[in-house]
Each structure stands twice: as structure tokens, then as C-alpha cells.
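So you can see what is in the structure, the chains are spelled out below.
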Amino acid sequence: PPGAAVLPCFDLLMRSASANATTRAGPSGGDLEVVTLRPVKAGEQLLLGAHGQSNEELLLRYGFAVPDNPAESVVLSLPPEAGGADVRLTAAGIPEDLVEKIEIEQNTAQFVGLLKVVLQRRRSVKEDLKRLPQALNFTVCKGPRPRAQKRSIEAFLEGQLQVLETCLAEMQAVDPAGEEAAPEE
């Protein structure tokens, strides 16, 4: 496709939520430059931004995840009685179009279905976080690379948990009549 390119070895550059470098088109327009965003010391690793990719995308494409990723999201499949569609939850909460649809249609089944899958996923993520230290202990994760991979898995799971907790808080702030609950004093 136009604008697409194969960049051998480019994926070897690390990505991070706290990037110190970015990419831009070179002067000829046919090349790509890596430029720093701030002064970088000799020997300091160049870190590209995650460019709006969730930790799930980063983990699947590049084999790592970053803590506090602002693009974190969780994709859930709603049960058939709740519409049967996939929904992408983010750190900003439940997609506004889904909230509006549930409110306009007063679709209790969809709300309850969403609540159930969010609670199930949260329970699963919490269990995984609890098992992770034992499953990937220092005997299994010997050396810096396996420990970095373990940290990526932790970052992925913690990001998932943050998104799910945000969405649950949003759902709890609404009473059954669809009105926002008054904040507790």
C-alpha cells in the first residue's frame, strides 16, 4: 500500500511510554530518521513511543508491554443476550456510544451482560497477577531478559486491571434508572 515500507531491524528499537526519541521522514522523503526528544547521554538506550498502541498490541507485536500505558485497552466479547458484540474498554471508561445505546434503549440485559464480563475478566486478571510471582519466580526468570519479560506481563495485567476498575467505577456511579448517582460525602 502507499506509504507502507519494510524497515529491517527497526523493530529492534525499544518502545516505552516515556520515550526519548521519535521518528520522522528524512529530508529526501524516502528515508526515516530517528531523532531524540531531549538530550540523550552516550550509551543511553533510545526509546520510541508506544504510538497509541495498547499493551496487548505491544505484547503481541513486539513482545513487551509498558507500565502506565495511556493507550491501554481491554477488548471483551459480550454474551448474545447483551448484544454479542466485542467492546473495547479504555482508561477513559466504557465507549460513549455504548453508554448512550444502553441508556436510550434502557437495555438492562446489555448493561448486566457488560457488568458480568467486566467482573469475570477482573477476577481472572487478579488471579493471574496473584499467580505470576510464583509461576515466574527467580528460578524460572534467570537473567535480565526473562525478568524484563516478566515485568512486561505484569505491566500488561496491571494495565488491564486499571481499565476494568475504571469501567466498574463508572458502572457503579449509575443507578438503575440511568441517572448518575450522587457522589458520597
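Keep in mind the model is a prediction, meaning the values are calculated, not measured.

K.L.:
I would appreciate a short explanation of the overall build of the protein chain in the present structure.
P.N.:
From N to C terminus, the protein chain includes four helices and six strands. The secondary structure elements of the protein chain, listed N-terminal to C-terminal, are β-β-β-β-α-β-β-α-α-α. Across the 185 residues of the protein chain, 30% fall into the buried class. Intrachain contacts of the protein chain at a sequence separation of at least 6 include 55% that bridge at least 24 residues. Of the roughly 12100 Å² of accessible surface on the protein chain, 55% is carried by carbon and sulfur atoms.

K.L.:
Help me understand the pattern of salt bridges in this model?
P.N.:
Opposite charge on two side chains permits them to pair, given that their charged atoms come into close proximity. Counted by the stated rule, this structure contains six salt bridges. A salt bridge links Glu-165 to Arg-122, with the shortest nitrogen-to-oxygen separation between them at 3.5 Å. A residue pair is termed long-range when its members are at least 10 positions apart, and Glu-165 in helix α4 (residues 144–172) and Arg-122 in helix α3 (residues 108–135) qualify at 43 residues. Asp-128 is paired through a salt bridge with Arg-131; the nearest N and O atoms lie 2.5 Å apart. Of this pair, Asp-128 and Arg-131 both sit in helix α3, three residues apart, roughly one helical turn. Through salt bridges that share partners, Arg-122, Lys-126 and Glu-165 make up one connected network.

K.L.:
Just to check I follow, could you spell out the nonpolar core for this structure?
P.N.:
Soluble globular proteins tend to pack their nonpolar side chains together in the buried interior. In this structure, Leu-76, Val-87, Leu-89, Ile-94, Leu-114, Val-118 and Leu-164 are the most contacted members of the largest nonpolar core, which totals 26 residues. At nine residues, α4 tops the list of elements feeding residues into this core. Leaving out residues up to four positions away in the same chain, Leu-164 has contacts with Val-74, Leu-76, Leu-89, Val-118, Arg-121, Arg-122 and Val-125.

K.L.:
Please clarify how helix α2 (residues 96–105) should be interpreted in this entry.
P.N.:
Because an α-helix completes one turn every 3.6 residues, residues spaced three or four positions apart along the sequence face the same direction. Within α2, the full set of buried residues consists of Leu-98, Val-99 and Ile-102. The buried side chains of α2 occupy one side of the element, clustering within an arc of 100 degrees when seen end-on. Turned more than 90 degrees from where α2 packs its buried face, Glu-96, Asp-97 and Ile-104 sit exposed. Buried-residue contacts for α2 involve β6 (86–90), α3 and α4. Of the residues trailing α2, Gln-106 is marked for its positive phi of about 45 degrees.

K.L.:
Before we go on, may I ask you to explain the environment of Leu-132 in this structure?
P.N.:
Positionally, Leu-132 belongs in helix α3. C-alpha separation for the pair Leu-132 and Lys-150, spaced 18 residues apart in sequence, amounts to 8.3 Å. Setting aside residues up to four positions removed in sequence, Leu-132 forms contacts with Lys-150, Ile-153, Glu-154 and Leu-157.

Rules used throughout
- Residues numbered from 1 in each chain as written.
- Predicted model: local features only at pLDDT ≥ 70, side-chain atom pairs only at ≥ 80, totals over all residues.
- Heavy atoms only, no water.
- Helix = DSSP H or I, 4+ residues; strand = E, 2+ residues; numbered from the N terminus.
- Buried < 20%, exposed > 50% of the residue type's maximum accessible area, 1.4 Å probe, protein only.
- Contact = heavy atoms within 4.5 Å.
- Areas by Shrake-Rupley, 256 points an atom, 1.4 Å probe, with all protein chains shown as cover.
- Salt bridge = Lys/Arg side-chain N within 4 Å of Asp/Glu carboxyl O.
- Core = buried A, V, L, I, M, F, W, Y, C linked by side-chain atoms within 4.5 Å.
- Arc of directions from axis to C-beta.

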